[in-house]
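Coordinates in review
Listed below are the residues making up each chain.
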Amino acid sequence: MMGGPVIELRGVARTYPGPPPVPALRPADLVIDAGDYVAVTGPSGSGKSTLLHVLGLLDTPTAGTYLLDGLDTSALGDRDRSALRGGRIGFVFQAFHLLPYRTALENVQLAELYNQTPRGQRLDRAVEALRGVGLGHRLDALPTTLSGGECQRVAIARALVNRPSLLLCDEPTGNLDSANAATVMELLDELNAAGFTIAVITHDASVASHARRAVAISDGVLSERIGAGHA
Amino acid sequence: MRRARTGLPSPRLSARDTASEALAGIVQRPGRALLTMLGTVLGVGAFVAVLGLTATGAGQISHQFTILEDTTVNVQDNGPVNNVAPPGTNPAIGFPADADAIAERINGVVAAGVWWPVSLPDGANFTGSLALSATASQTVSLLAASPGAVRAMGVTMVAGSRLSSYENDTAQHVAMIDTTTAAELGVAPARLASHPAVFVNGIAYTVVGIYSSAQRVVTDESAMLIPENTALADFGNPEPGIGNQDEAQMVIATKIGAAQAVARQIAAAELPTDPSRLVVASPPNPQNLQSEVTGDLASLFLVLALISLLIGAVGIANTTLVAVLERTEEIGLRRAVGARPRHIAAQFLAEAAVTGTLGGLIGTCIGAGVVVISAAAKDWTAVLNPAYTLPAPLIGTVVGVLAGAYPALRAARTSPLAALRTA
């Protein structure tokens, strides 16, 4: 499983049923290898979100084949898609989506709830993930007492706790000021250097510049811009 | 099959995790949770309190239900079906001459005898010895009583003796009077040896006994008792028929617990040829009494309890539905970290169930408290039947599950896309 591409899209398309039918994502091919750092850029309404949802198994393509870790996801039912989503993909959202009444640690542990992580190991893994994003000193802090950057790092810890094959980030700095955005992007760079495969979906060129590969999407058409990012 | 091919572990949410997620969901909003529970608390509380108070009240009634009442059987002579007595006269009394002896042969009977209120002509008066010419100012009842009846009445003698079998068999003009009447007529207990007489409408009766109190029949009235046969000779047969107030009756003192059994046998034993002529009144069965009490007011309160449970269910359903709408983001996140729709449904259903159960628990405590406090305030013994007190919190669970079903379904159907779109 390791060694092969993490993501392989073959002619994947998503058309929202009409009338009139809206082709949000035109047939697209994309390969993301293990250890890649890919930025998907495009203006709003270009189909970025649709691609994110398809990649994140939150939405099903209407055409084509999507292989995740070599598994053909189009043949899978809800149970297996949920298992893949929980185990192989780590989501980082623009709005963090932390539960406001739960501590940082509890928010991270939420990701261990549904994937059969043995109860005895949950706490240790969550603590480890939070230390990994530099929040070892704020384990019991509530999201309301954390800065935006800290919130996003908790969310990244939550995405990492199951050691996913792909870290899928949706505008990870969209709600952050430039200082906080910089620390978050640094963290992503470090994670990629540590071997995590990362896909960032953004409209922000400075965010995209961190990635080694850039993929542009416009009007639902995906096009790779080789050498766009910095090495 | 598919699972074997992919080798993926199935997403799972254990019962323990479901419960702790549900508890966390409730605990993080305690104020709202309490308000949500209110209807269930009131409903279950009312349920427990009503059943507890009725049981306590009924227990108290059966406790207060005195041993005396429980050991008394009354039999009334309703008269023959075909009255063959000559006009202007009454038929012979329905009880045989040896009625006392027959009754006392029944197992459980302590004493029994026939008595009736003698109807006196208008203007009849009770006068003491002619020398004193004292007249009773208040109403004095003249009662005919067999020796057995006197014993069954349980009179406490102050002076002299009870009416005897000899005096009855020979229709002696003797009488027993109560202390009040004795005082009014100037019959001092100490003077009984001088055979004072009381005149009733001019007929002299020698006072042979003075009693101070009685357990049955003549408990709270001034009365003069004369032998049964003396009354028949002087005043004729009493008029039969219930409602006349002066029909012949039998009073039976029984052993504790024997009243019901005696009541079943007495009519046939006394009058085997026409037992239906005798109407038997036994003390009400304490259990019947209890169910009567439970029947009336309690059913009204139970209806009210049911209504508040219904309101409680609506409350939980409403709050859970609001929570589902409020927490679309959380639902989406949970889906993103691997939750299946059924896990989402289970979580919200569990939250509603836990809310209902907690409401039921609180309600049960409050209900039990109300019962204990109101019983204590009246010096009663609180009675709480564990058969319905212990499972009472489960009513809350059922309410919660029923109320949570629809919101949980809504939550499960929430699309993870819509849930995460908030930016």
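Quick caveat: nothing in here was measured; it's all calculated off a predicted structure. (Residues numbered from 1 in each chain as written. Chains lettered and ligands numbered in written order. Predicted model: local features only at pLDDT ≥ 70, side-chain atom pairs only at ≥ 80, totals over all residues.)

**As for the overall build of chain B**
- Scanning chain B from N- to C-terminus turns up 17 helices and eleven strands.
- In chain B, which comprises 423 residues, the proportion classed as buried is 43%.
- Taking all contacts inside chain B whose residues are at least 6 apart in sequence as the whole, residues at least 24 apart take part in 84%. (Helix = DSSP H or I, 4+ residues; strand = E, 2+ residues; numbered from the N terminus. Buried ≥ 20, exposed ≤ 12 C-beta atoms within 10 Å, placed from the backbone. Contact = placed C-beta atoms within 7 Å.)

**Observations regarding the overall build of chain A**
- In terms of regular secondary structure, chain A is built from seven helices and ten strands.
- For chain A, the residues scored as buried account for 49% of the 231 residues in total.

**What about the pairing of strand S4 (residues 63-68) of chain A?**
All names here are of chain A.
- Bridging between strand S1 (residues 5-16) and S4 involves five bridges; their strand directions are antiparallel. Bridging from a neighbouring strand, Ile7 pairs with Leu68 of S4.
- Sheet topology places S4 next to strand S5 (residues 71-72); two bridges connect them, and they run antiparallel. Paired with Leu67 across the bridge in S5 is Asp72.
- Connecting S4 to the antiparallel partner S5 that follows it, the hairpin turn spans two residues, and Asp69 within it adopts a positive phi of roughly 55°. (Pairing = 2+ DSSP bridges.)

**Focus: the interface of chain B and chain A**
- On the chain A side, the residues contacting the 25 residues of chain B number 29 residues.
- Contributions of two or more residues to the side of chain B that touches chain A are made by helix H1 (2-6), helix H13 (328-336) and helix H17 (416-420) of chain B.
- Per-element accounting of the side of chain B that touches chain A gives the leading share, four residues, to H13(B).
- Here the side of chain B that touches chain A is built from residues that sort into twelve nonpolar, six polar and seven charged. (Nonpolar A, V, L, I, M, F, W, Y, C, P; charged D, E, K, R; others polar.)

**Quick look at the packing of helix H2 (residues 15-27) of chain B against helix H14 (residues 341-377) of chain B**
Residue and element names in this part refer to chain B.
- Two numbers describe how H2 lies on H14: the axes approach to 8 Å, and their chain directions differ by 65°. When you trace H2 past H14, the crossing you get is right-handed. Seen from H2, the contacting residues are Thr18, Ala19, Glu21, Ala22, Leu23, Gly25 and Ile26; seen from H14, they are Ala346, Gln347, Ala350, Glu351, Val354 and Thr355.
- Its residues assigned to classes, the contact of H2 with H14 comprises seven nonpolar, four polar and two charged. (Axes fitted to C-alpha atoms, helices over the stretch in contact; angles between N-to-C directions. Left-handed = near helix turned anticlockwise from the far one by under 90°.)

**As for the pairing of S1(A)**
- Taken together, the eight bridges between S1(A) and strand S2 (residues 22-33) of chain A define a ladder with antiparallel strand orientation. Paired with A:Tyr16 across the strands is A:Val22, a residue of S2(A).

**Some remarks on unusual backbone geometry**
- Positive phi, normally seen in glycine, also occurs at A:Phe96, with a value near 65°.
- Take A:Phe96: it is sitting in the loop between strand S6 (89-92) and helix H3 (104-109).
- Of note in this structure, B:Ala171 is not a glycine but carries a positive phi near 50°.
- Locating B:Ala171 in the fold gives a position in the loop between helix H7 (165-169) and strand S6 (174-178).
- Owing to 16 C-beta atoms within 10 Å, B:Ala171 belongs among the partly exposed residues under this scheme.

**Quick notes on the environment of B:Gly148**
Residue and element names in this part refer to chain B.
- Structurally, the position occupied by Gly148 is in helix H6 (residues 147-153).
- What makes Gly148 buried here is the crowd of 26 C-beta atoms within 10 Å.
- Separated by 33 residues in the primary sequence, Gly148 and Trp115 have C-alpha atoms spaced 9.3 Å apart.

**Notes on helix H9 (residues 228-235) of chain B**
Residues and elements named next belong to chain B.
- Among the residues making up H9, those that are buried are Glu228, Thr230 and Ala231. Across the axial projection of H9, the buried residues extend over an arc of 160°, all falling on one side.
- Looking one or two residues past H9, Gly236 carries a phi angle of roughly 80°, positive in sign. (Arc of directions from axis to C-beta.)

**Examining the environment of A:Glu186**
Residues and elements named next belong to chain A.
- Note that Glu186 resides in helix H6 (residues 178-193).
- Classification of Glu186 as exposed rests on a count of 12 C-beta atoms within 10 Å.
- In this structure, the C-alpha to C-alpha distance between Glu186 and His210, residues 24 residues apart in sequence, is 8.7 Å.

**Digging into the packing of helix H5 (residues 148-160) of chain A against H6(A)**
Residue and element names in this part refer to chain A.
- Across the interface, H5 lies against H6 with an axial gap of 8 Å and an inter-helix angle of 20°. Taken together, the axes of H5 and H6 lie roughly parallel to each other. The two elements H5 and H6 cross, and the hand of that crossing is right-handed. For the pair H5 and H6, contact is made by Gly148, Gly149, Gln152, Arg153 and Ile156 and by Asn180, Thr183, Val184 and Leu187, respectively.
- Among the residues making up the contact of H5 with H6, the classes are represented as three nonpolar, five polar and one charged. (Parallel < 35°, antiparallel > 145°, perpendicular 65-115°, else oblique.)

**Considering the nonpolar core**
- By size, the foremost hydrophobic cluster in this structure holds 121 residues, and its most contacted members are A:Val108, A:Ala157 and A:Ala199.
- If near-sequence neighbours (up to four positions away) are discounted, A:Val108 is found in contact with A:Ala126, A:Ala129, A:Leu130, A:Val154, A:Ala157, A:Arg158 and A:Val161.
- Grouped together as the second largest cluster of nonpolar side chains are 55 residues, B:Ala103, B:Ala111, B:Leu143 and B:Ala175 included. (Core = buried A, V, L, I, M, F, W, Y, C linked by C-beta atoms within 7 Å.)

**Section: the sheet that holds S4(A)**
- Spatial strand order, S2-S1-S4-S5 (chain A): four strands in an open sheet with antiparallel pairing. Because the sheet does not close on itself, it has two edges, and the strands there are S2 and S5 of chain A.

**Quick look at the confidence of the model for chain B**
Residue and element names in this part refer to chain B.
- Averaged over all residues, the pLDDT of chain B is 83; the fraction at 70 or higher stands at 88%.
- Here residues 1-5 is modelled with pLDDT under 50, and outside its nearest four sequence neighbours on either side it reaches six contacts, counting other chains as well.
- As a predicted assembly, this complex carries a pTM of 0.65 together with an ipTM value of 0.91. (pLDDT = per-residue confidence, 0-100.)

**What to know about the environment of B:Glu184**
- As for its placement among the helices and strands, B:Glu184 is situated in helix H8 (residues 179-184).
- Spatially, the C-alpha atom of B:Glu184 lies 8.3 Å from that of B:Gly128, the residues being 56 residues apart in sequence.

**Digging into H14(B)**
- Here H14(B) spans 53 Å end to end across 37 residues, near enough to the 54 Å set by a 1.5 Å rise per residue.
- Of the residues trailing H14(B), B:Asp379 is marked for its positive phi of about 60°. (Expected span 1.5 Å × (residues − 1).)

**Quick notes on the confidence of the model for chain A**
- Confidence in the prediction for chain A averages 88 pLDDT; 96% of positions are at 70 or higher.
- Mean pLDDT values for the elements of chain A range from 83 in strand S10 (residues 221-225) of chain A up to 93 in strand S3 (residues 37-41) of chain A.

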